[in-house]
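# Structural description and commentary
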Amino acid sequence: MATGKEQANARHAMPAQDPQVRACNFDEVALGYDHEMAVEEALRCIQCRRPLCVTGCPVQVRIPEFIKALREGDMWQAVEFLKDNNSLPAICGRVCPQESQCEALCILGRRGEPVAIGRLERYVADWEREQGVRVPEVAPSNGIRVAVIGSGPAGLTAAGDLAKKGYQVDILEALHEPGGVLVYGIPEFRLPKAVVAAEVDYLRKLGVSILFNRVVGKLYSLTELREQYQAVFLGTGAGLPIMMSIPGENLNGVYSANELLTRVNLMKAFDFPNWDTPVRVGERVAVVGAGNVAMDSARSALRLGAKEVHIVYRRSREEVPARAEEVEHAEEEGVVFDFLTNPIAVLGNEQGGVTGIRCIRMTLGEPDDSGRRRPVPAEGSEFEMGVDTVVMALGTRPNPLVFIEADGLERARGGTVVADLETGRTTLERVWAGGDIVTGAATVISAMGAGRVAASDIDAFFQAGSPGPWKATKEDVPA
Amino acid sequence: MYCILSKKTLTPVTTEYVIEAPEIARKARAGQFVIVRVHERGERIPLTIADRDADAGTITVVAQEIGATSRRMKELEPGDSLASLTGPLGRPTEIERYGTVVLVGGGLGIAAIHPICQALRDAGNHVIAIIGARSGDLLFWEDRMRQVTDDLIVVTDDGSYGRKALVTVPLKELIEERQIDRVWGIGPAIMMKFVSLTTQPYGVSTIVSLNSIMVDGTGMCGACRVSVGGRTYFACVDGPEFDAHQVDWDLLFSRQRFYADEERRALDLYEENCKAIPEQEDAR
Ligand SMILES: Cc1cc2nc3c(=O)[nH]c(=O)nc-3n(C[C@H](O)[C@H](O)[C@H](O)COP(=O)(O)OP(=O)(O)OC[C@H]3O[C@@H](n4cnc5c(N)ncnc54)[C@H](O)[C@@H]3O)c2cc1C
Ligand code: FES
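Structural notes, computed from the coordinates. (Residues numbered from 1 in each chain as written. Chains lettered and ligands numbered in written order. Predicted model: local features only at pLDDT ≥ 70, side-chain atom pairs only at ≥ 80, totals over all residues. Heavy atoms only, no water.)

### Description of the overall build of chain B
Just so we agree on the cut-off: The helix and strand labels rest on DSSP assignments: H or I over at least four residues marks a helix, E over at least two residues marks a strand, and numbering proceeds from the N terminus. To get the radius of gyration, use the C-alpha atoms; to get the globule rule, take the number of residues to the power 0.38 and multiply by 2.2 Å. The rule is simple: take the accessible area with a 1.4 Å probe, protein chains only, and divide by the maximum for that residue type; under 20% is buried, over 50% is exposed, in between is partly exposed. For this analysis, residues touch if any pair of their heavy atoms sits within 4.5 Å. With residues, only the protein chains shown are counted as cover, and all accessible areas are computed by Shrake-Rupley using a 1.4 Å probe. By the counting scheme adopted, Arg and Lys are positive, Glu and Asp are negative, and His together with the chain ends is not counted. To locate a charge, take atom NZ for lysine, CZ for arginine, CG for aspartate or CD for glutamate.
A tally of regular secondary structure across chain B gives 9 helices and 16 strands. Its C-alpha atoms give chain B a radius of gyration of 19 Å, within 12% of the compact-globule value 19 Å for 284 residues. Residues counted as buried form 56% of the 284 residues belonging to chain B. The contacts of chain B with a sequence gap of at least 6 include a subset with a gap of at least 24, amounting to 65%. Summed over its atoms, the accessible surface of chain B is roughly 12,100 Å², and 47% of this surface lies on carbon and sulfur atoms. For chain B, the distance from the average site of its 32 positive side-chain charges to the average site of its 41 negative ones is 3 Å.

Spelled out as structure tokens, the structure:
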């Protein structure tokens, strides 16, 4: 094993499609390490005795162990370590904000670049997928029926864990495809749908049945589902777009990011008219917001033929919440960043189309509740920006449909469901919840983790024999 | 699943489908709709649930062949299945005992007012319906409408069937003649606007069902945004029924037209493909 200092400094670059080429196609941008690169990168890990990286991971993936197995060439062992705490590594390796989680704490990062943990995670997971899905042993059926509502990362994970333990799981999904944000939100160029399909395939092999086009709250209520199933897991995410409520927001050419991305990803509008759903993006596009959703919208707009795409963000570069790699990729592809800028109106013409946005410059004041400096409008700094398409990527809230006839299910301000983070239990007996519906828009890894936690508590609940009275906290599970 | 059990041509441009959908049939209420994908690459289009039979486990929808998707749907035969069917979506009509109510259905809107008439009549209202179309050959369901109403007025723009009038003419007469407690108007957006303008001076509460462009139908995308009383609503979850007198009609018209070019293109392509088939057969 090489121990030279030179290795500690730089990580192995990620092979990627050329920016000019990829800005015109929807294929995956980051191409992945080959085996040699992966082993070289794995060798940079100094195998800390008390690994900080693990503490930075929301689900404590066994990072040093999987990396060690990888560099020793024991790939199945690496897979096993990796999947011990993370059921969706091929997805998380691609979309986790590693730079603010595991990699942020990697000791190598103090003097050089941290180990590229996410890229190694992806490599190991992709290797496994190429071997063909191996279905683990499934416990004999215990006859307990569980309804999992929503097929995003939280629901998929809960369903998989429960099926392995012998539960009979039905996933009820509102849309016609499984995956939640993974299919309708995150674009193909960042997360190929084949990767998501492999996870779904795995669940099917475990015996999970997925029932599409079932909108809970409309077709059945939560109250009804509690009669048909012994346990219900709510993983319906945070799918309701927040708009700005500024004048002109309903003009033609103003999209919520959800609409733009759903048309493109779920409905394949980029391939219109081979696929029936159209999408119209003009030549000059402003995307408001700077999270992952905004980056995905901006980069999708470029790929749909926009000549100039701006990210309009009211704070500064330091506060950008998107993954570092997405910002980098967006810049390489030519997306223009307008920081400290906030739209105050969308301008239109007689036909109801967008002609521009009126913006105001911002300055940063004192820190607000989020700990970030509060943007304050600079008086007299208004200006107009000529655009024909505007995409609002300002965040999302839980969709309240699922709460129709769900008496007893307590909700917090902002529309999230109240649930114990350690168990996933809600205030309604035999109903668990996890993912964005509990936390508000967050991350794939935390939704995955919440699905796991709930599955394990559901199992504990039924293992306990005759489960006692429902209390929404952990200590109430009889030992 | 989602099997088409029967298909009936109602007019040269409208077709009725009875679809197997037991769960939806059980749950659906008047005023709700489904989202249909005709084939695997299809778009998601909303169709009003025009009738349901919970015992048989079926719903009835009526589609107008205006674009490529509805033309494609027409190609399906009994025994074929839709790629997907989601519902029941939207808020049901608020059914109460209002007294005397008038329901105006224009063109395809006739199918949409049918279940509402039925529910209102079951609730003890005196139900009057006005159904209309440009010409007699575009009218349908006159018999079915008679069964769910106390009075039925039939009009056509050109007088080729029933009375020669726009739907708003008998509506105005009724309001002037007698106490009307509530009006529904469902049909082309322009017709709904005129129904609204007709009732407004008399202060008769009027409900319209806004047919904005939709994608998911569950409140997730906002494509269906409408403005009512100065506030933005998502028609698919907050509606589709709204207070007619508060609707921003110009916004609705313009948003409905946003994809007109693409729709035209899809239709042209579809027609070309249709033409290509007989030509190939000739060649053989
Ligand atoms: C464009 C975009 C990019 C993102 N990028 C990243 C990233 O790079 N990294 C990262 O970590 N996170 C990212 N996120 C966030 C991440 O995707 C979410 O935090 C995560 O998907 C939440 O998982 P979930 O299982 O809670 O819900 P979701 O993935 O939202 O899934 C919920 C599912 O429930 C279904 N559903 C909703 N209501 C009902 C109902 N009433 N009945 C039946 N089904 C229902 C929905 O259709 C959906 O399929 C991104 C989000 C978006 C939108
Ligand atoms: S159709 Fe998407 S929100 Fe109404």
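### Some remarks on the nonpolar core
Note the following rule: In this text, buried Ala, Val, Leu, Ile, Met, Phe, Trp, Tyr and Cys residues form a nonpolar core when linked through side-chain atoms within 4.5 Å.
Within the largest apolar cluster, 85 residues are counted, with the highest numbers of intra-cluster contacts made by Ile63(A), Phe66(A), Leu70(A), Ile91(A), Leu120(A) and Val124(A). Apart from residues no more than four positions distant in its own chain, Leu120(A) is found in contact with Tyr33(A), Ala38(A), Glu41(A), Ala42(A), Phe66(A), Ile67(A), Leu70(A) and Val115(A). Core analysis: the second largest hydrophobic core is formed by 43 residues, Leu409(A), Ile19(B), Leu47(B) and Val61(B) among them.

### Focus on the pattern of salt bridges
The condition that has to hold: Think of a salt bridge as a Lys or Arg side-chain nitrogen and an Asp or Glu carboxyl oxygen that are within 4 Å of each other.
Here the structure, examined in full by the defined rule, presents 43 salt bridges over all chains. Linked through salt bridges whose partners overlap, the residues forming this network are Arg22(A), Arg190(A), Asp296(A), Arg299(A), Arg303(A), Arg323(A), Glu325(A), Glu326(A), Glu332(A) and Glu333(A).

### Quick notes on the site of ligand 1
All names here are of chain A. Applied cut-off: A single heavy atom is enough: if one lies within 4 Å of a molecule or strand, its residue is considered near that molecule or strand. Two N or O atoms form a polar contact when they lie within 3.5 Å of each other; inside protein one atom must be a possible hydrogen donor and the other a possible acceptor, and for residues adjacent in sequence the pair counts only when both atoms belong to side chains.
Among the 34 residues in the neighbourhood of ligand 1, the closest are listed as Val95, Ala154, Glu173, Arg190 and Asp436. Residue Ala174 places a main-chain N or O atom 3.2 Å away from a nitrogen atom belonging to ligand 1. Note that an oxygen atom of ligand 1 is positioned 3.4 Å from one of the side-chain N or O atoms of Asn292. Relative to its unbound accessible surface of 1,000 Å², ligand 1 loses 95% to contact with the protein. The set of elements that each furnish at least two residues to the shell around ligand 1 consists of α10 (153–164), α15 (292–303) and α18 (444–463). Ranked by residues supplied to the shell around ligand 1, first place goes to α15 with 3 residues.

### Some points on the interface of chain B and chain A
Rule in force here: By buried area we mean the combined loss of accessible area, with a 1.4 Å probe, across both parts when two parts are placed together. Note that Gly is not counted as nonpolar here; it falls among the polar residues with everything else outside the nonpolar set of Ala, Val, Leu, Ile, Met, Phe, Trp, Tyr, Cys and Pro and the charged set of Asp, Glu, Lys and Arg.
Tallying the contact residues gives 47 residues for chain B and 44 residues for chain A. Roughly 3,800 Å² is buried in total at the junction of chain B and chain A, and carbon and sulfur atoms are behind 52% of that figure. Between the two partners, chain B and chain A, sit 4 salt bridges. The residue Arg280(A) makes a salt bridge to Glu262(B) at a minimum N-O spacing of 2.8 Å. The interface formed by chain B and chain A includes 24 residue pairs in polar contact (both at pLDDT 80 or more). Of all the elements in the fold, those that place two or more residues in the side of chain B that touches chain A are α1 (22–27), α2 (68–75), β7 (84–89), β14 (225–228), β15 (231–234), α8 (249–256) and α9 (260–283) of chain B. Along the lines of polarity and charge, the residues of the side of chain B that touches chain A split into 18 nonpolar, 14 polar and 15 charged.

### Overview of the sheet that holds strand β11 (residues 163–164) of chain B
Residue and element names in this part refer to chain B. We apply this condition: Two strands make a pair as long as DSSP finds a minimum of two bridges between them.
As summarised here, the arrangement of the 7 strands in space is β11-β10-β9-β8-β12-β13-β16, forming an open sheet in which the pairing is mixed. Edge positions in the sheet fall to β11 and β16 (241–243), since each has one partner strand and no second. Both strand β8 (residues 100–106) and strand β9 (residues 126–133) contribute to a ladder of 7 bridges, which runs parallel. Residue pairing for β9: Val101 is matched across the bridge by Val127.

### A look at the pairing of strand β2 (residues 168–172) of chain A
Residues and elements named next belong to chain A. Across the 5 residues of β2, 4 count as buried, placing the element largely inside the fold. For β2 and strand β3 (residues 209–211), the ladder comprises 3 bridges, and the chain directions are parallel. Pairing of Ile171 across the sheet is with Ile210, part of β3.

### Comments concerning unusual backbone geometry
Residue and element names in this part refer to chain B. Between Gly87 and Pro88 the backbone carries a cis peptide bond, its omega angle lying at -5°. Geometrically, the link from Gly239 to Pro240 is a cis peptide bond, its omega value of 10° lying close to zero. Positionally, Pro240 belongs in the loop between α7 (235–238) and β16. Unusually for a residue other than glycine, Trp141 sits at a positive phi of about 60°. With respect to the helices and strands, Trp141 occurs in the loop between β9 and α4 (142–147).

### Here's the deal with the packing of helix α6 (residues 75–85) of chain A against helix α9 (residues 117–130) of chain A
Residue and element names in this part refer to chain A. This is how the line gets drawn: Between the N-to-C directions of two axes lies an angle of 0 to 180 degrees, each axis being a line fitted to C-alpha atoms and, for a helix, fitted only over the stretch in contact. Orientation categories follow fixed angle ranges, with anything under 35 degrees roughly parallel, anything over 145 roughly antiparallel, 65 to 115 roughly perpendicular, and all other angles oblique. It is the rotation of the near helix from the far one that decides the hand of a crossing: anticlockwise by less than a right angle makes it left-handed, clockwise makes it right-handed.
Taken N-terminus to C-terminus, the directions of α6 and α9 make an angle of 115°; their axes are 10 Å apart at the nearest point. Compared by their axis directions, α6 and α9 come out roughly perpendicular. Of the two possible hands of crossing, α6 and α9 adopt the one that is left-handed. Counting all contacts with α6, which are made through Met75, Trp76, Ala78, Val79, Leu82 and Lys83, the residues of α9 involved are Glu121, Tyr123, Val124, Ala125, Trp127 and Glu128. Of the residues that constitute the contact of α6 with α9, the class distribution is 9 nonpolar, no polar and 3 charged.

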